Amino acid sequence: MAANEAELRALMRASLGGDAVAYRTLLSRLSANLRAYYKGKLSRIGRSAMEAEDLMQEALMANHMRRHTYDPAEALTPWVYAIARYKLIDHLRRTRASMTDLPIEDAEEIMAQDDYVGTESASDLTKLMSQLPEKMRRAIQAVKLDGLSVAEAATQCGMSESAVKVNVHRGLKALVASIGRERRI
């Protein structure tokens with residue numbers, strides 16, 4: 001079920017105030033919205049639903065790490081979707097997707113400038129990644145952060161391609177769960 005702006009904004013405000021239940025609910029609502037967003041964008045250029053799921057998880061992590069940049073006096077969804085767009089751009093660049101496959105009406109929205117970069121995010125990511133088992137951490141680092149293909153990551157990490165995919169998927173799920181636990185503390 002897609003959540004509306006007022007509900008999402010109230011949940012974000014409560015979660016910034018330390019309400020763990022509100023934060024879990026916010027993550028759930030954002031998951032549904034982002035999943036639909038990515039499926040729509042990726043289906044237009046012939047990409048898979050699996051990519052949408054991975055992107056949704058990456059966007060949730062990015063929103064978590066950048067939550068300190070959100071201004072509660074402003075609307076939440078433009079902030080969330082700005083981060084989502086940047087994750088989509090990064091993903092398309094990493095997977096060497098041709099921008100010529102992108103419908104012209106989406107080009108302006110997709111090519112927005114990233115205003116949410118900070119050292120706090122890198123620190124948060126390092127802390128979260130350190131909680132993962134080594135194989136998951138190495139697979140995520142290679143594929144999602146270094147931009148290697150699954151085949152390249154498999155060679156670098158000494159794993160099969162399917163093991164890399166499984167470790168990335170499970171690692172991202174573990175990171176999202178860790179973010180939820182962190183907010184409850």
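Structure first, text after, so check above.
Just so it is clear, the model here is predicted, and its values are computed rather than measured.

(A) Local environment of the environment of L30. With respect to the helices, strands and loops of the structure, L30 is situated in helix α2 (residues 20-44). Assessed through its relative accessible area of 5%, L30 is described here as buried. Residues L30 and L8 lie 22 residues apart in sequence; the distance between their C-alpha atoms is 8.0 Å. Excluding residues that lie within four positions of it along the chain, L30 makes contacts with L8, L60 and V80.

(B) Structural detail: the packing of aromatic side chains. Following the criterion strictly, the structure yields 3 aromatic pairs and no others. Between Y37 and Y38 the ring centres are 5.2 Å apart and the planes differ by 65 degrees, which places this aromatic pair in the edge-to-face class. Neither residue differs from the other here; Y37 and Y38 are each classed as buried.

(C) How the structure looks around the pattern of salt bridges. Under the defined criterion, the tally for this structure stands at 6 salt bridges. R29 is paired through a salt bridge with E7; the nearest N and O atoms lie 2.9 Å apart. Residue R29 is located in helix α2, and its partner E7 is located in helix α1 (residues 5-16); the two are separated by 22 residues in the primary sequence. By relative accessible area, R29 is classed as partly exposed at 23%. Several salt bridges converge on common partners, so that one network encompasses D54, E58 and K144.

Conventions used here
- Residues numbered from 1 in each chain as written.
- Predicted model: local features only at pLDDT ≥ 70, side-chain atom pairs only at ≥ 80, totals over all residues.
- Heavy atoms only, no water.
- Helix = DSSP H or I, 4+ residues; strand = E, 2+ residues; numbered from the N terminus.
- Buried < 20%, exposed > 50% of the residue type's maximum accessible area, 1.4 Å probe, protein only.
- Contact = heavy atoms within 4.5 Å.
- Phe/Tyr/Trp six-rings, centres within 6.5 Å; stacked < 30°, edge-to-face > 60°.
- Salt bridge = Lys/Arg side-chain N within 4 Å of Asp/Glu carboxyl O.

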